[in-house]
Amino acid sequence: MEKKKELGLIHIYTGDGKGKTTAAVGLGLRAVGSGFRVRIIQFMKGESEESGEITAIKTFDTVSVSRFGGNLLAKDHPPVEKIKADIADGLRTAREAVMGGLCELLILDEINVAVSMGLAEKETVLGLAGLCKNKIELVMTGRNAARELIDIADYVTEFKMLKHPFEEGISARWGIEY
């Protein structure tokens, strides 16, 4: 019996706690295991090392990953206008994936941060979410999700930090935090 794909809901993973990207990629893994095509677009991670979960999920033929825009918080970040232009390119790529029927699950990693920092146009993201609604599953990650995005979402999960080793001077560790 073929399982009906009832897709088209919007997920937001936000908050100051660890694990938003990892949760989104975990959902991507579940989707791959169910025969879905997954498109992951990462924002503001252009110059950072690829995390272990991204390296792993890219090994599946039905997964595509791309990165747009440098991290404005990095010491030697690209010019702000270049970051904005790169992020706009990433949103165009996402729109093309939705319009072209290239995936059943679209993950916009760190898009909430890009919107909150004024590096991505909120209206563009809202428009993209509207294209996904009742068509493909959309996950948007990152701190400081905009109220308008939260309002249109079907799932909103807030990751809240209660304790983190960073507070004790322990840096991010390979294989655990990235």
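An account of the accompanying structure is given in this report. (Residues numbered from 1 in each chain as written. Predicted model: local features only at pLDDT ≥ 70, side-chain atom pairs only at ≥ 80, totals over all residues. Heavy atoms only, no water.)

## Observations regarding the environment of Leu105
Filter applied, for reference: Helical segments are the DSSP runs of H or I of at least four residues, strand segments are the runs of E of at least two, and each set is numbered from the N terminus. When accessible area is computed with a 1.4 Å probe and restricted to protein chains, residues below 20% of their type maximum are described as buried, those above 50% as exposed, and intermediate ones as partly exposed. Throughout, a residue-residue contact means that at least one pair of heavy atoms, one from each residue, lies within 4.5 Å.
Within the secondary structure, Leu105 sits in strand S4 (residues 105-109). Judged by its relative accessible area of 3%, Leu105 is buried. A C-alpha to C-alpha distance of 7.4 Å links Leu105 and Ala31, two positions 74 residues apart in sequence. Setting aside chain neighbours within four positions, we find Leu105 in contact with Leu27, Gly28, Ala31, Arg37, Val38, Arg39, Glu137 and Val139.

## Describing the layout of surface pockets
Quick note on the threshold: A pocket here means an open set of points on a 1 Å grid, computed over the protein atoms alone, that has protein on both sides within 12 Å along at least five of seven lines. A cavity is instead a set of points where a 1.4 Å probe fits but cannot get out; residues with an atom within 4 Å of a point line either one. Grid points are joined across faces, edges and corners, and a volume is the space filled by probe spheres set on the points. Following the grouping adopted for this structure description, the nonpolar residues are Ala, Val, Leu, Ile, Met, Phe, Trp, Tyr, Cys and Pro, the charged ones are Asp, Glu, Lys and Arg, and the polar ones are all others, Gly among them.
Roughly 1,100 Å³ of volume is contained in the largest pocket. Forming the boundary of the largest pocket are 31 residues, of which Thr21, Lys45, Glu110, Arg143 and Glu177 lie nearest the centre. Only helix H1 (20-33) and helix H4 (111-116) provide two or more residues apiece to the lining of the largest pocket. Here the lining of the largest pocket gets three residues from one element, more than from any other, and that element is H1. When grouped by side-chain class, the residues that make up the lining of the largest pocket number nine nonpolar, 12 polar and 10 charged.

## What to know about the packing of helix H3 (residues 80-99) against helix H5 (residues 122-132)
We count it as follows: Comment: axis = line fitted to C-alpha atoms, over the contacting stretch for helices; angle = value between 0 and 180 degrees taken between N-to-C directions. Angular relationships are summarised with four words: roughly parallel below 35 degrees, roughly antiparallel beyond 145, roughly perpendicular across 65 to 115, and oblique for the angles in between. When the near helix sits turned anticlockwise from the far one by under a right angle, the crossing is termed left-handed; a clockwise turn instead gives a right-handed crossing.
Viewed as axis vectors pointing N to C, H3 and H5 meet at an angle of 15°, and their least axial separation amounts to 10 Å. With respect to their mutual orientation, H3 and H5 come out roughly parallel. Considering the relative orientation of H3 and H5, their crossing is left-handed. Contacts from Leu91, Ala94, Arg95, Val98 and Met99 of H3 reach H5 at Thr124, Val125, Leu128, Leu131 and Cys132. Tallied by class, residues from the contact of H3 with H5 come to eight nonpolar, one polar and one charged.

## Here's the deal with the sheet that holds strand S3 (residues 63-68)
To keep things clear, this is the line we draw: Strands are labelled as partners when DSSP assigns at least two bridges between them.
Spatially, six strands are ordered S3-S2-S4-S5-S1-S6 in an open sheet, and the strand pairing comes out parallel. Two strands close off the open sheet at either side, each with one partner strand: S3 and strand S6 (155-158). Strand-to-strand twist of the sheet, defined as the mean angle between neighbouring strand axes without regard to direction, takes the value 10°. Inspection of the sheet shows strand S1 (residues 10-14) paired to S6 by four bridges, in the parallel sense. Note that in S6 the partner of His11 across the bridge is Tyr155.

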